[in-house]
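# Secondary and tertiary structure notes
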Amino acid sequence: MSRGAHEKDPPQELEQFRKLLLEFVRIGIYLKPAQCAQLLGITDRTLRDWESRGEGPPRHILPGGLIRYCRDEVDAWLRTPAGKRHLRRAS
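Description of the structure in this document. Values in this document were obtained by computation on a predicted structure and should not be read as measured data.

About the criteria used
- Residues numbered from 1 in each chain as written.
- Predicted model: local features only at pLDDT ≥ 70, side-chain atom pairs only at ≥ 80, totals over all residues.
- Heavy atoms only, no water.
- Patch = residues over 30% accessible without salt bridge, like charges linked within 9 Å, V, L, I, M, F, W, Y side chains within 5 Å.
- Areas by Shrake-Rupley, 256 points an atom, 1.4 Å probe, with all protein chains shown as cover.
- Salt bridge = Lys/Arg side-chain N within 4 Å of Asp/Glu carboxyl O.
- Lys, Arg positive; Asp, Glu negative; His and termini not counted.
- Charge placed at Lys NZ, Arg CZ, Asp CG, Glu CD.
- Helix = DSSP H or I, 4+ residues; strand = E, 2+ residues; numbered from the N terminus.
- Buried < 20%, exposed > 50% of the residue type's maximum accessible area, 1.4 Å probe, protein only.
- Phe/Tyr/Trp six-rings, centres within 6.5 Å; stacked < 30°, edge-to-face > 60°.

### Some thoughts on a positive patch on the surface
On the surface, a cluster of positive charge is made up of Lys84, Arg85, Arg88 and Arg89. Looking at the secondary structure, you find Arg85 in helix 5 (residues 81–90). Accessibility expressed as a relative area gives 41% for Arg85, which makes it partly exposed.

Here you go:
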């Protein structure tokens, strides 16, 4: 069975996705956990504690188990009652 002209091999698509994600991290759209913690003014440990309890800003688990946070989602979470409550307790 042949692939159509618009279809790409999965490894090529994965590599393109990886490059795009790295660019998003570089320009600050997606944050690494340490960057997210710094933005929130908390320690990496506090962010991990929140994650283990299912709390904190939404996170994305990418292929390979990488965790990233979307900057816009973190900003939106900060404006929620839960976000404000967590930051008061962390300070």
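Right, picking up where we left off after that structure.
### So, the packing of aromatic side chains
Evaluated as defined, the whole model comprises 1 aromatic pair. Aromatic pair Trp50 and Trp77: ring centres 5.6 Å apart, planes at 55 degrees, arrangement tilted. Of the two residues, Trp50 is situated in helix 3 (residues 44–52) and Trp77 in helix 4 (residues 71–78); the sequence distance between them amounts to 27 residues. The same class applies to Trp50 and to Trp77, which are both buried.

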